Amino acid sequence: MKKILIFLMSAAVAVSCSDDIFDVDPSGKVSSETRDEVAKEDPDKVLQGIEASIYTHYATYYKNDLQWLTGFNGFELAFGMAGQDMTLLLQHSMNLYMYINDYWQEEYTPTFNVWNMFYIPIATANEILATATLDASAESETMKAYRARALTSRAFGYYHLINVYQYPYSAANKDLPGVPLATEETLGQNLPRATMEQVYKRITDDLDEALRIFEEIGYDDTGSRTDFDASVAAILRARVALVMEDWGKAVSLADDILAKYTLVSKENYNNGFNRIENVPSLIFGFKMTADNCRTWATWCSQMDPYMSGYAGMWAERPIHSYLYARLNPTDVRRGWWLNKTDNPDPDAATSGYACLLPSNLPNTLASGVKARSEYVSVKFRSYNGDWNNTDLIYMRAEEAVFIKAEAEAHSNIAAAKKTLKDYVTTYRDPGYDITAASLDDVVEEIILQKRIEMWMEGALEWLDRRRLNMPIDRRDDAAMTAAGVANNHIYKAMWEQNESGMRFQLPRSVVIANPEIGEANQNKTN
């Protein structure tokens, strides 16, 4: 059903400091009082487990049976489905209402899940920040590192929340209500919605302080690719710099990131993005094991068409045909999606190959092999067919290339074009050229290449459309039709960013339980 009504739930999901949101005991073993006593003697003993719960949460969290909205990768899938660049081939209920941007209302399950997806780790980060300052050991490098990672984690949560629960940031919108700002200093309090400007200031302050601490202690942010380190803080801060049109800051941070990482090469582009050690540009991810894998509720179940998960049985994940058509024949990224001409289904020779299958999928051929559809993604493959060992990829350094190019375009178009062309020709398409000349056209081309490169990573397409106030447009295009490219969206519509469906309402349970919000401060329909 579309509406999974969330009945009058307890204050556990309120913005007040409840057991499940702002007064979390992530260890599940000791009370906060006992934990504080232990922390005074050995803070690291307490904080290791608390911090680890953040990373596990972002890999495995889901509620109310929404397995497609599992962890941060589920957030990527949900808002990728809500965008322009991924299509739905069947009108099945699994993602349909997210796909048609009609799953944003207060009583629906996604808003509850997204709210908790980010507020639970925010609460945990606040506990770390409170605990890591309890005694003299707070000035140790270990405790400082905990604080810096917690600040980065908190900023990560607020960055995504403010984009979901309010319209794009602008001078006209900066005073609109954003989300409640819980910190280590507000434990136990009911909190009102802060303005967008206040939320972005909190994000900026947290990231700037985190980066200052990381630099002070000389933290090696490439030693581990699975924590909220300085590179995560830097790329988040660069995203915020784009929002604030602080172009110089964005370029500087992007350069810092690119100096640390080796980018994925043309020869290694099609490795499945499934093992941390196989992605040299990985900034942030999660190491999956049999102990934390949730089988059906996993990224590879949703994305790998050759696994016996959702994507392999009936919920295929194709790229929009119009976006695929923008790829040159010489672009190696064509290999991320099936195409009967130059990247056919490997089972096609024995089982036949059906493209753009009709709505009676799944279609099992005589050999027992399901015919896979044209444009279906093979970018994210399971590792050796084993979802227990298929790692999660959240952030790659390649994003910094596009951040740098976009920021450069606002002061030096030639430099921006060079940054983009150098990257694409070196790493993806030796035949690429950029002919755009005006600022708007150059930025559009940068975003286009980013949409291709970062397809289904970090919900970046959706977030960039948000930031740039770009509509989601799935309608037929006359030029594409004339070129013989059929539109493979089954729901052909356009949404402007200021429409009701483009921002979520706060969960009904939160509105009811927190008197500082209440009905008067809910997001209204237009």
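Coordinates for the structure precede this section.
Residues numbered from 1 in each chain as written. Predicted model: local features only at pLDDT ≥ 70, side-chain atom pairs only at ≥ 80, totals over all residues. Heavy atoms only, no water.

### A look at the pairing of strand β4 (residues 392-396)
Regular strands show a simple pattern: their side chains alternate between the two faces of the sheet.
Part 1: When you tally the buried positions in β4, you get five out of five residues, the bulk of the element.
Part 2: Strand direction decides the pairing type here: strand β3 (residues 282-286) and β4, joined by four bridges, are antiparallel. Looking at the pairing, F286 lines up with L392 of β4. (Buried < 20%, exposed > 50% of the residue type's maximum accessible area, 1.4 Å probe, protein only. Helix = DSSP H or I, 4+ residues; strand = E, 2+ residues; numbered from the N terminus. Pairing = 2+ DSSP bridges.)

### Some details on the packing of aromatic side chains
Part 1: For the coordinates displayed, the defined rule picks out 38 aromatic pairs.
Part 2: Summarising the aromatic geometry, the rings of F75 and F118 are spaced 5.2 Å apart at their centres and angled 90° between planes, so their arrangement reads as edge-to-face. Of this pair, F75 sits in helix α3 (residues 71-81) while F118 sits in helix α5 (residues 109-131), and the two are 43 residues apart along the sequence. Pair check on accessibility: F75 and F118 agree, each one buried. (Phe/Tyr/Trp six-rings, centres within 6.5 Å; stacked < 30°, edge-to-face > 60°.)

### What to know about the side chain of N113
Part 1: Its location among the elements puts N113 in helix α5.
Part 2: Classification of N113 by relative accessible area gives buried; the value is 0%.

### A short note on unusual backbone geometry
Among all residues save glycine, negative phi is the norm, and among peptide bonds the norm is trans.
Part 1: Located in the positive-phi region is A459, a residue other than glycine, with phi close to 55°.
Part 2: The topology assignment puts A459 in the loop between α16 (439-453) and α17 (460-468).
Part 3: The buried category is assigned to A459, whose relative accessible area is 4%.
Part 4: Even without being a glycine, N469 presents a positive backbone phi close to 55°.
Part 5: One can find N469 in the loop between α17 and β5 (472-473).
Part 6: Take N469: its relative accessible area is 49%, and that puts it in the partly exposed class.

### Quick notes on the pattern of salt bridges
Part 1: Taken as a whole and assessed by the stated rule, the structure comprises 37 salt bridges.
Part 2: One salt bridge in this structure joins R475 and D473, with 2.9 Å as the shortest N-O distance.
Part 3: R475 sits in the partly exposed class, given a relative accessible area of 44%.
Part 4: Residue D473 is classed as partly exposed on the basis of its relative accessible area of 24%.
Part 5: Sharing partners across several salt bridges, the network here consists of D331, R333, K379, R396, E398, R428, E453 and E457. (Salt bridge = Lys/Arg side-chain N within 4 Å of Asp/Glu carboxyl O.)

### Some thoughts on the nonpolar core
Part 1: Within the largest apolar cluster, 150 residues are counted, with the highest numbers of intra-cluster contacts made by F79, Y158 and I203.
Part 2: Tallying contributions element by element places helix α6 (residues 141-165) first for this core, with 14 residues.
Part 3: Residues contacting F79, with those up to four places away along its chain left out, are M98, V114, V164, A459, W462 and F504. (Core = buried A, V, L, I, M, F, W, Y, C linked by side-chain atoms within 4.5 Å. Contact = heavy atoms within 4.5 Å.)

### Digging into the packing of helix α8 (residues 230-243) against α17
Part 1: Relative orientation of the contacting elements α8 and α17 amounts to 30°, with a least axis distance of 10 Å. Regarding the angle of α8 to α17, the classification is roughly parallel. Where α8 crosses over α17, the two elements pack in a sense that is right-handed. For the pair α8 and α17, the contacting residues are R239, L242 and V243 in the first and L460, L463 and R467 in the second.
Part 2: Considering only residue class, the contact of α8 with α17 consists of four nonpolar, no polar and two charged. (Axes fitted to C-alpha atoms, helices over the stretch in contact; angles between N-to-C directions. Parallel < 35°, antiparallel > 145°, perpendicular 65-115°, else oblique. Left-handed = near helix turned anticlockwise from the far one by under 90°. Nonpolar A, V, L, I, M, F, W, Y, C, P; charged D, E, K, R; others polar.)

### Some thoughts on the side chain of E457
Part 1: As for its placement among the helices and strands, E457 is situated in the loop between α16 and α17.
Part 2: On the accessibility criterion, E457 (2% relative accessible area) is buried.
Part 3: For E457, the side chain forms a polar contact with the side chain of K379, separated by 2.7 Å.
Part 4: Within polar-contact distance, the side chain of E457 engages the side chain of R396 at 2.6 Å.
Part 5: For E457, the contacting residues outside a window of four places in its chain are E76, K379, F380, I393 and R396. (Polar contact = N/O pair within 3.5 Å; in protein donor to acceptor, adjacent residues only side chain to side chain.)

### Let's talk about the packing of α6 against α8
Part 1: Relative orientation of the contacting elements α6 and α8 amounts to 35°, with a least axis distance of 10 Å. Handedness of the α6/α8 crossing: left-handed. Counting all contacts with α6, which are made through T152, F156, Y159 and H160, the residues of α8 involved are V232, A233, L236, R239 and V240.
Part 2: Here the residues of the contact of α6 with α8 are counted per class, giving six nonpolar, two polar and one charged.

### Re the layout of surface pockets
Part 1: Taken as a whole, the largest pocket holds about 900 Å³ of empty space.
Part 2: In terms of lining residues, the largest pocket is bounded by 40 residues, among which E444, I447, R451, R465 and M470 are the most central.
Part 3: Looking at the lining of the largest pocket, the elements that each hand over two or more residues are α6, α7 (196-217), α8, α12 (321-325), α16 and α17.
Part 4: The greatest single-element share of the lining of the largest pocket, amounting to nine residues, is contributed by α16.
Part 5: Of the residues in the lining of the largest pocket, the class split is 21 nonpolar, four polar and 15 charged. (1 Å grid on protein atoms, 1.4 Å probe; cavity = no way out; pocket = protein on both sides within 12 Å on 5 of 7 lines; lining within 4 Å. Points joined across faces, edges and corners; volume = space filled by probe spheres on them.)

### Overview of the environment of R451
Part 1: Position of R451 relative to the elements: it lies in helix α16.
Part 2: Assessed through its relative accessible area of 16%, R451 is described here as buried.
Part 3: Expressed as a C-alpha distance, the spacing of R451 and F402, which sit 49 residues apart in the sequence, is 9.9 Å.
Part 4: If we skip the residues at most four places from it in the chain, R451 touches Q84, D85, L323, E461 and R465.
Part 5: At 2.8 Å, the side chain of R451 forms a polar contact with the side chain of D85.

### Digging into helix α2 (residues 43-60)
Part 1: For α2, which comprises 18 residues, the first-to-last C-alpha distance of 26 Å matches the rise-based estimate of 26 Å (1.5 Å per residue) to within 8%.
Part 2: Along α2, the positions that sit buried rather than exposed are P43, V46, L47, I50, E51, I54, Y55, H57, Y58, A59 and T60. (Expected span 1.5 Å × (residues − 1).)

### Describing α7
Part 1: Here α7 is 22 residues long and its end C-alpha atoms lie 32 Å apart, about the 32 Å a rise of 1.5 Å per residue gives.
Part 2: When we look at burial in α7, the residues that qualify are M196, V199, Y200, I203, T204, D206, L207, A210, L211, I213, F214 and I217.
Part 3: Residue G218 follows α7 closely and has a positive phi angle near 65°.

### Concerning the environment of M395
Part 1: Tracing the chain through its elements places M395 in strand β4.
Part 2: Using a relative accessible area of 3% as the deciding quantity, one classes M395 as buried.
Part 3: In this structure the C-alpha to C-alpha distance between M395 and I235, which are 160 residues apart in sequence, comes to 8.8 Å.

Purely geometric numbers; function is a separate question.
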